[in-house]
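Coordinate analysis (summary)
Residue strings, one per chain:
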Amino acid sequence: MATPLPPLRRATLLLVAVLVGVLASTARADLVISRADRRVDLTSHIVRVLASLKVENVGPDPVSQVLLSFPNIQAKNLAAIRAFGTEGKVKGPSTVLPVEIVEPSGAPPELTFFSALLQKPLEKGKILHLDVLTVFTHSLQPFPEEITQAEAQLVVYQDSAHYLSPYPVKAQSLAIRLPGGRVESYTRHPSAKLVDSELKYGQFEDLPPFSYLPIIVHFENNHPFAVAKEVIREIEISHWGNVQITEHYNIVHGGAKLKGEFSRIDYQSRPYVRGVSSFRNLIARLPPRAHSIYYRDEIGNISTSHLWSDSKKTQLEIEPRFPLFGGWQTTFTVGYGLPLQDFVFYSDGKRFLNITFGSPMEEILIEKLIVKVVLPEGSKDIEVSAPFPTKQWQEVKFSHLDIVGRPVVVLEKPDVIPEHNLYFQVYYKFNNISLLQEPLMLITGFFLLFAACIVYMRTDMSISKSSPSYLAKLQWDEVQATVQKIQGIFEQCLAIHDKLEASLRDLSRTGDIQSCKAARKAADAQFKELSKELKPLLTSLQASPQSYQIWPKVEELITKERDMQEKLMARHSTVVDSFEKKLRGQDVENRIALQQQKIAALRQEVESLLEYISEI
């Protein structure tokens, strides 16, 4: 039995079914589709449909275009459409055909029409083999919309088993490729057949124009629903031999939202069962000679990444700081350098950048992509050639040693998919003499610096060693040296705290209670040793008259750190005791929740005090 749909979507499909009957009377009889085979790929969250059409001209006049029609509920999610055609009884090498949106006379607003323009008119009796690739976003709807951590993700796909065409279709079939896993339900039909992970409908014969047979497939799809709300891709050209790429991502899991609480212990023990709907990594395919690759977020560099490189590609696998479940999001930055000679060329008195437009991330949907091409200072006569329409404007960016700033070409496009990762070009003129501007500025700056050093060395500005100001400076230097040693001790304490945290993580993973107890005993001994080292330093600092600004903060730091130390040891004991009693993971988290909050707050206060003391 088919899965019930929300009333609005069901009503929309019924409305389209009624409208196509009206449209049948407006279809042209010049063309007939003798064969239509469609393949729908649902293995990703981006839906790809390949329609292979065999078109015949049965009318008296040549035809220069083939109309393609889509219901508006599909057309609003259409991210890309491409057509490839070849004329003849036998299918040969295809050529790309221009596709544009059109509004045929008498067409209702419930349908969207495109036109594939032929290179030469199709004469009477001739045959055209036409392949149409369409890519849709947001076409897989999570159903249910919320799931728990342990549940698999189920999605709903809606389409027509009949090829919706303004022309009669003599024979057609539909094949839907599924990602594997269970199929909850699908629309039953005498011609429907589910074999392994492929669902087939047809063959259907002698269908009139605008035939429409709604179908629904409800199936499991745990493929990463990686949706980037915004990606800013900056491409900076330096004629000193490098093209620097910096990409800022804001990514959300676009699948079914997580219902209930997330358990880190359950996830780490069985990640492919207690987190099957989440995704843990993303793969970026970079150009072969990419170098100086980094991956970081707002906190800093992220070390959980892997890099493979050969003569054909460089593959970067990155892992966010936490797994992404439905509705969760994260932000990060990826940067790398490319050799200038591989992407910037010279032709007809102009230089031009030739590089791919989209993101190197696999199977990612970018709802808003901004590409910024930063040209060298002094570039002029700038032109852009893109393989698809984009919103364009120019800005100015100031960098090191710039005087008037560097021109920036900005291109913006919504709903960018892997099929948009095509090459585009930015043409500009640049005078090689401008390359000497920055070196000359550096030479002049160093010359002035050396001249100032000579004047300084020949000037006697010494201060008497018996003066009060000199003595005060010596005392202040001693205070600074003492404070630096105290900071070092507290940083060692924080490092011991981190080791205790790591021992708890190892305990949850391995269950080795004795190793965890040994870690706590070692930490206690280290705390005592550091306390002995700290005592003479505090006595020296308190006795100095120059420490009146710092001493109150140091006292507060000592109090906070000791409080945090006590609570951390108490929480450690609680967790170990819970594991010895074999309590459930949720019970352990409930017992230490309040302690964890206090420790986190104290940790932040200690780090803030250390930063404040450093600034003083």
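Residues numbered from 1 in each chain as written. Predicted model: local features only at pLDDT ≥ 70, side-chain atom pairs only at ≥ 80, totals over all residues. Heavy atoms only, no water.

Identification of the protein as Dolichyl-diphosphooligosaccharide--protein glycosyltransferase subunit 1 from Urochloa decumbens is taken from an unreviewed UniProt entry. Checking UniProt for the protein, the heading Subcellular location (unreviewed entry) contains the comment "Endoplasmic reticulum membrane". Regarding the protein, the UniProt comment filed under Sequence similarities (unreviewed entry) reads as follows: "Belongs to the OST1 family." (UniProt positions renumbered as here; feature names shortened; annotations may be inferred.)

Observations concerning the pattern of salt bridges
According to the stated counting rule, one finds 31 salt bridges in the structure shown. The shortest N-O distance in the salt bridge between R285 and E362 comes to 2.3 Å. Placement of R285 in strand β20 (residues 282-286) and of E362 in the loop between β26 (350-356) and β27 (365-374) is noted, with a sequence separation of 77 residues between them. Among the residues examined, E362 registers a relative accessible area of 34% and is labelled partly exposed. Between D498 and R603 there is a salt bridge; the shortest N-O distance is 3.1 Å. (Salt bridge = Lys/Arg side-chain N within 4 Å of Asp/Glu carboxyl O. Helix = DSSP H or I, 4+ residues; strand = E, 2+ residues; numbered from the N terminus. Buried < 20%, exposed > 50% of the residue type's maximum accessible area, 1.4 Å probe, protein only.)

Overview of helix α6 (residues 513-543)
For an α-helix the count is 3.6 residues per turn, leaving residues at separations of three or four pointing the same way. Here α6 spans 46 Å end to end across 31 residues, near enough to the 45 Å set by a 1.5 Å rise per residue. The largest bend in α6 comes to about 25°, at L534, with the proline P536 one to four residues further on. What α6 keeps buried is the set I513, C516, R520, A523, F527, L530, L534, L537, L538 and L541. Buried residues belonging to α6 abut α5 (468-510) and α7 (551-580). Its side-chain oxygen 3.4 Å from the backbone nitrogen of Q514, D512 forms the N-cap of α6. (Expected span 1.5 Å × (residues − 1). Bend = angle between axes of the 7 residues up to and from the residue. Contact = heavy atoms within 4.5 Å. Polar contact = N/O pair within 3.5 Å; in protein donor to acceptor, adjacent residues only side chain to side chain.)

A few points about the sheet that holds strand β16 (residues 214-220)
Pairing is antiparallel across the open sheet formed by 4 strands, whose spatial order is β9-β11-β16-β13. If you trace the sheet from one side to the other, it starts and ends with β9 (141-142) and β13 (183-186), each paired once. (Pairing = 2+ DSSP bridges.)

Regarding the state of the cysteines
By definition, a disulfide links the sulfur atoms of two cysteine residues through a covalent bond. Summed over all chains, the structure comprises 0 disulfides. The thiol of C516 is unpaired, and the distance to the nearest cysteine sulfur, on C493, comes to 19 Å. (Disulfide = S-S within 2.5 Å.)

Considering the nonpolar core
In terms of nonpolar packing, the biggest core is built from 48 residues, with L42, I176 and Y201 touching the most fellow members. Counting 44 residues, the second-largest nonpolar core is a separate cluster that includes I235, I251, I302 and L375. (Core = buried A, V, L, I, M, F, W, Y, C linked by side-chain atoms within 4.5 Å.)

Focus on the confidence of the model for the protein
Per-residue pLDDT for the protein averages 86, and the proportion of residues at 70 or more is 93%. Of all helices and strands in the protein, the one with the weakest mean pLDDT is helix α1 (residues 7-23) (45), whereas β27 scores best (96). Segment residues 6-28: pLDDT under 50, and 28 contacts once partners within four positions in sequence are set aside and those in other chains are kept. (pLDDT = per-residue confidence, 0-100.)

Remarks on the packing of α6 against α7
The contact between α6 and α7 brings their axes to 12 Å, and the two run at 170°. By the criterion of interaxial angle, the relationship of α6 to α7 is roughly antiparallel. Contact residues: α6 offers I513, C516, K517, R520, D524, F527, L538, L541 and Q542, while α7 offers W551, V554, I558, E561, Q565, M569, H572, S573, V576, F579 and E580. Of the residues that constitute the contact of α6 with α7, the class distribution is 11 nonpolar, 4 polar and 5 charged. (Axes fitted to C-alpha atoms, helices over the stretch in contact; angles between N-to-C directions. Parallel < 35°, antiparallel > 145°, perpendicular 65-115°, else oblique. Nonpolar A, V, L, I, M, F, W, Y, C, P; charged D, E, K, R; others polar.)

Things to note about the pairing of strand β23 (residues 314-318)
Most of β23 is tucked away, with 5 of its 5 residues classed as buried. Across the two faces of β23 the burial is the same, with T314, L316 and I318 and Q315 and E317 all buried. Two strands pair when backbone bridges link them, and β20 and β23 are joined in this way by 5 bridges, in the antiparallel orientation. Residue pairing in the sheet places L286 in a bridge with T314 of β23. By the bridge criterion, 5 bridges tie strand β22 (residues 305-309) to β23 in an arrangement that is antiparallel. Counterpart to S305 in the pairing with β23 is I318. The hairpin formed by β22 and β23 contains 4 residues between the paired strands.

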